[in-house]
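Descriptive analysis of the structure
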Amino acid sequence: MADTTRPTGEDITPLGDEVYAIDTLMAGCPGVTSSYLLRTERPCVVEVGAAGSAPVLRDAIHRLGVAPADLATIVVTHIHLDHAGGTGEIARMFPNAEVVVHEKGARHLADPTRLMRSARMVWGERLDALFGEMAATEAVRIRAVDTGGIVDLGGGRTLTAHYSPGHAKHHVGLVDSATGDLYVGDAAGIYNPATGGVRPATPPPDFDLDAGLASLRLFGDIDPQRLMFSHFGATDSVEETLCLAVEELRLWVDTVRVSRDDGGDLDHAIALIRERVTSRPTEPSDALSQTRQVMDALSGVEGNVAGIVHWLDRIAAEQEETERTG
């Protein structure tokens, strides 16, 4: 499997065609969240990471020669705090940049109060260390997009948005017209560049298997040249990686479904996933234990299983309602 993310020993990796991967060093750990700077005529950054990572991203963009007044666009694939938590801070640091997000997430960037309240209920005391506090973005600077939305990179080069739910209802992938790169956010899961492995990202409350599989089919139909993962890095093994993403997503859901059909509770489903899925030699692992701990917090067994159980419960409730009213 070819891996096109070749670390330079720093937090910036050149990927060609004026594309640079930037490790945002989330929670002080390398290898968690990738941001991408497209150093085009109209410079654009895709993903900003958590609020606590904003100074790291700012400094990297500056080192790549983009002045505060020159960044034209900030794009986030979705509004989860590890992707968009730093949007308000980065927007303040780069005052001329337009902020692009899916239309279902725009209001939360303008007023993150509800989002932060929900996040603090989930994360508790860990929220500050992992993410930091999301600052509001001026509403006038936010542009909401759906499928077909265009980001002008200058010189005829564009990013085109493609609605890609399944992981989140406010998720878009983005295709670079010049390179064929597809920025997949979390819609294709969590990629480990050291192993080529992929783990699903199925958090509550938005996970939807059918929507997630449809988004993966869409990504295949786009036929990109590379997949640009937010967690973590880029790969040109596109077909193989997308096929693996589908297989792993089905495996996780089927395993949780088996537990449910056997009358198991959430803890039983988690134990079954650990026994049958994450214990495999092929399961992605990280050499750095601190990085692994952060990744497990973001997309570990407990959170993924909870999202799958939530989806199964919703499907069962919808079926019961259909039978009752049909």
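Please read these numbers as outputs of a predicted model, since none were measured by experiment.

Some words on the side chain of T137
Looking at where T137 falls in the secondary structure, it is placed in the loop between α6 (126–130) and β7 (142–145). Classification of T137 by relative accessible area gives buried; the value is 4%. With sequence-adjacent residues up to four places away left out, T137 is seen in contact with T87, G88, A91, V99, L109, A110 and I142.

With respect to the confidence of the model for the chain
The predicted model of the chain has a mean per-residue pLDDT of 92, with 94% of residues at 70 or higher. Overall, residues 1–9 carries pLDDT values under 50, and its contacts beyond four positions in sequence, including any with other chains, amount to 26 contacts.

Quick word on helix α5 (residues 113–123)
Within α5, burial applies to L115, M116, A119 and W123. The arc that holds every buried residue of α5, seen down its axis, measures 90 degrees, which confines them to one face. Of the surrounding elements, those touching the buried residues of α5 are α2 (81–84), α4 (106–110), α6 and α10 (289–299). Count one or two residues on from α5 and you reach G124, which has phi positive near 60 degrees.

Some details on the sheet that holds β7
If you trace the 7 strands from one edge of the open sheet to the other, you get β1-β2-β3-β4-β5-β6-β7, paired in mixed fashion. What marks the edges here is a single partner per strand, and that holds for β1 (12–16) and β7. Neighbour to neighbour, the strand axes of the sheet diverge by 25 degrees on average, direction disregarded. Bridge analysis of strand β3 (residues 34–38) against strand β4 (residues 44–46) gives 3 bridges, and the strand direction is antiparallel. In the strand pairing of β4, L37 is matched with V45. The sheet strands contacting helix α1 (residues 54–63) are β1, β2 (19–23), β3 and β4, and the helix crosses β2 at an angle near 150 degrees.

Here we look at the layout of surface pockets
Reported here for the largest pocket is a volume of approximately 1,100 Å³. Surrounding the largest pocket, 37 residues form its lining, H80, V122, P203, P204 and P205 being those nearest its centre. Sorting elements by how many residues they give to the lining of the largest pocket places α5 first, with 7 residues. Taken together, the residues that form the lining of the largest pocket break down as 16 nonpolar, 11 polar and 10 charged.

Conventions adopted
Residues numbered from 1 in each chain as written. Predicted model: local features only at pLDDT ≥ 70, side-chain atom pairs only at ≥ 80, totals over all residues. Heavy atoms only, no water. Helix = DSSP H or I, 4+ residues; strand = E, 2+ residues; numbered from the N terminus. Buried < 20%, exposed > 50% of the residue type's maximum accessible area, 1.4 Å probe, protein only. Contact = heavy atoms within 4.5 Å. pLDDT = per-residue confidence, 0-100. Arc of directions from axis to C-beta. Pairing = 2+ DSSP bridges. Axes fitted to C-alpha atoms, helices over the stretch in contact; angles between N-to-C directions. 1 Å grid on protein atoms, 1.4 Å probe; cavity = no way out; pocket = protein on both sides within 12 Å on 5 of 7 lines; lining within 4 Å. Points joined across faces, edges and corners; volume = space filled by probe spheres on them. Nonpolar A, V, L, I, M, F, W, Y, C, P; charged D, E, K, R; others polar.

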